[in-house]
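Each chain is listed here by its residues.
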Amino acid sequence: MKAMVTLVIDHAATRADHSHDHPHEHAPLARDTAPSRERVVMSPVSVNGVAISRKAIAAEVQNAPAKTPAEGWFNATLALVVRELLLQEAHRLGLSADPRLEADGRRETEEEALIRALLAQEVRTPEADEAALRRFYDNNRRRFLSAPLWEAEHILCAARREDAVAFPAARERAQTLAAVLARAPERFAELARAQSDCPSAGVGGSLGQIGPGDTTPEFEAALKALTPGVISEPVETRYGVHLIRVNRHVDGRTLPFEAVRDQIAAYLADHVTRAAHAQYVALLIGRADIQGIALGGADSPLVQ
């Protein structure tokens, strides 16, 4: 449940108006890297006459990641304002809390349960039908590709890049092996068994099938650039210097709709829910008496 509350508040924080037309909301910040000791100056904050204390805001700051103390203070204040608005509306409607056990074993607080009940009652989110799911799939086919695969082998001359003696020696050894392979590429497996510092030496340098993210960026870039059967120039990574040969490359293929239908449905449901919750919060803001912090109401980007 806490995730639902955070979802509402985070979405509001992302879209709220941080206008610098209100100088009391953003104090000048020190530009050094040490934590600022400067107090964030802000007017007293209240929601429909209910005060949000500086102590509560200070405690909430730890849950409001931000680049600057002023931004963190603003985000924490916004979170407490939104929570107070939702709780006031839940009480106004006479809703009761029924805390439930979360999947991680944590039990909801009374406030979390009230906010969940409020959103469930007051916010209606349409469910995407089959036609909408298929339309999303057809318009975003590039998002539903299986990962490409490379069947590759390599010879590793191991050395840490920061080793000023070993790394140049590894580079020189790899260049020597590259010269041998240029004359006799059929010796790749033989030289891998005899010369490679990788455990794959035992199988002639074979790495089996490799997908995106399985290797270092430099190694993967070489895989993408290589034509099957061609041995690379020496490739330097943090592990040493490699000679690489791709034996087979399989492009990623578009996954069938049936394989990704549930993923699309979950994505669209989450997107629509976030937008609907943000719109509901904006409507509450629009008709509330909020002092000490400038927020957009029903006519703000929050509802768009």
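It should be emphasised that the depicted structure is a prediction, and the values quoted were computed from it without experimental measurement.

What counts as what
- Residues numbered from 1 in each chain as written.
- Predicted model: local features only at pLDDT ≥ 70, side-chain atom pairs only at ≥ 80, totals over all residues.
- Heavy atoms only, no water.
- Helix = DSSP H or I, 4+ residues; strand = E, 2+ residues; numbered from the N terminus.
- Contact = heavy atoms within 4.5 Å.
- Buried < 20%, exposed > 50% of the residue type's maximum accessible area, 1.4 Å probe, protein only.
- Pairing = 2+ DSSP bridges.
- Polar contact = N/O pair within 3.5 Å; in protein donor to acceptor, adjacent residues only side chain to side chain.
- Core = buried A, V, L, I, M, F, W, Y, C linked by side-chain atoms within 4.5 Å.
- Axes fitted to C-alpha atoms, helices over the stretch in contact; angles between N-to-C directions.

*Asks:* Describe in detail the side chain of Glu-220, supporting the description with residues and values.
*Replies:* By the secondary structure assignment, Glu-220 is in helix H8 (residues 217–225). Among all residues touching Glu-220, those that are not within four sequence positions of it are Gly-211, Pro-212, Gly-213, Asp-214 and Thr-215.

*Asks:* Just give me the short version of the pairing of strand S3 (residues 149–158), but keep the residues and values in it.
*Replies:* Within S3, seven of the 10 residues are buried, leaving the element largely enclosed by the surrounding structure. Pairing analysis gives 10 bridges linking S3 to strand S6 (residues 240–250), with the strands arranged antiparallel. Looking at S6, one finds that Ala-152 is bridged to Val-246.

*Asks:* Pulling in residues and values, what's your account of the side chain of His-154?
*Replies:* Relative to the helices and strands, His-154 resides in strand S3. The class of His-154 is buried, set by a relative accessible area of 4%. Within polar-contact distance, the side chain of His-154 engages the side chain of His-242 at 3.1 Å. With sequence-adjacent residues up to four places away left out, His-154 is seen in contact with Phe-188, Ala-192, Ser-196, Cys-198, Ser-200, Gly-205, Leu-207, Phe-219, His-242, Leu-243 and Ile-244.

*Asks:* Residue-level account of the nonpolar core, with values.
*Replies:* In terms of nonpolar packing, the biggest core is built from 31 residues, with Val-81, Leu-85, Leu-86, Tyr-280, Ile-290, Ile-293 and Leu-295 touching the most fellow members. Per-element accounting of this core gives the leading share, 11 residues, to helix H3 (residues 69–92). If we ignore the near neighbours within four places in the chain, the residues touching Ile-290 are Ser-46, Val-81, Leu-85, Ile-285 and Leu-295. Core analysis: the next-biggest nonpolar cluster, separate from the first, contains 16 residues, Phe-167, Phe-188, Leu-191 and Ile-231 among them.

*Asks:* So what about the environment of Leu-95? Which residues, and what values?
*Replies:* Relative to the elements of secondary structure, Leu-95 occurs in the loop between H3 and helix H4 (110–122). For the pair Leu-95 and Ala-113, spaced 18 residues apart in the sequence, the C-alpha separation amounts to 9.9 Å. Leu-95 has contacts with Ala-90, Leu-114, Ala-117, Leu-118 and Gln-121, leaving out every residue within four places of it along the chain.

*Asks:* Describe in detail the sheet that holds S3, supporting the description with residues and values.
*Replies:* Within the open sheet, the four strands sit side by side as S4-S3-S6-S5. Their pairing is antiparallel. Edge positions in the sheet fall to strand S4 (206–210) and strand S5 (235–237), since each of these pairs with one other strand and no more. Shown here is a sheet whose adjacent strand axes are inclined to one another by a mean of 40 degrees, direction ignored. Direction of pairing for S3 relative to S4: antiparallel, over a ladder of four bridges. Across the sheet, residue Trp-150 finds its bridge partner in S4, namely Ile-210.

*Asks:* So what's going on with unusual backbone geometry? Residues and values would help.
*Replies:* With the exception of glycine, the majority of residues adopt a negative phi angle, and the majority of peptide bonds are in the trans configuration. The phi angle at Asn-48 is positive, at roughly 50 degrees, despite the residue not being glycine. As for its placement among the helices and strands, Asn-48 is situated in the loop between strand S1 (45–47) and strand S2 (50–52). Classification of Asn-48 by relative accessible area gives partly exposed; the value is 39%.

Read these as layout, nothing more, since geometry by itself doesn't imply function.
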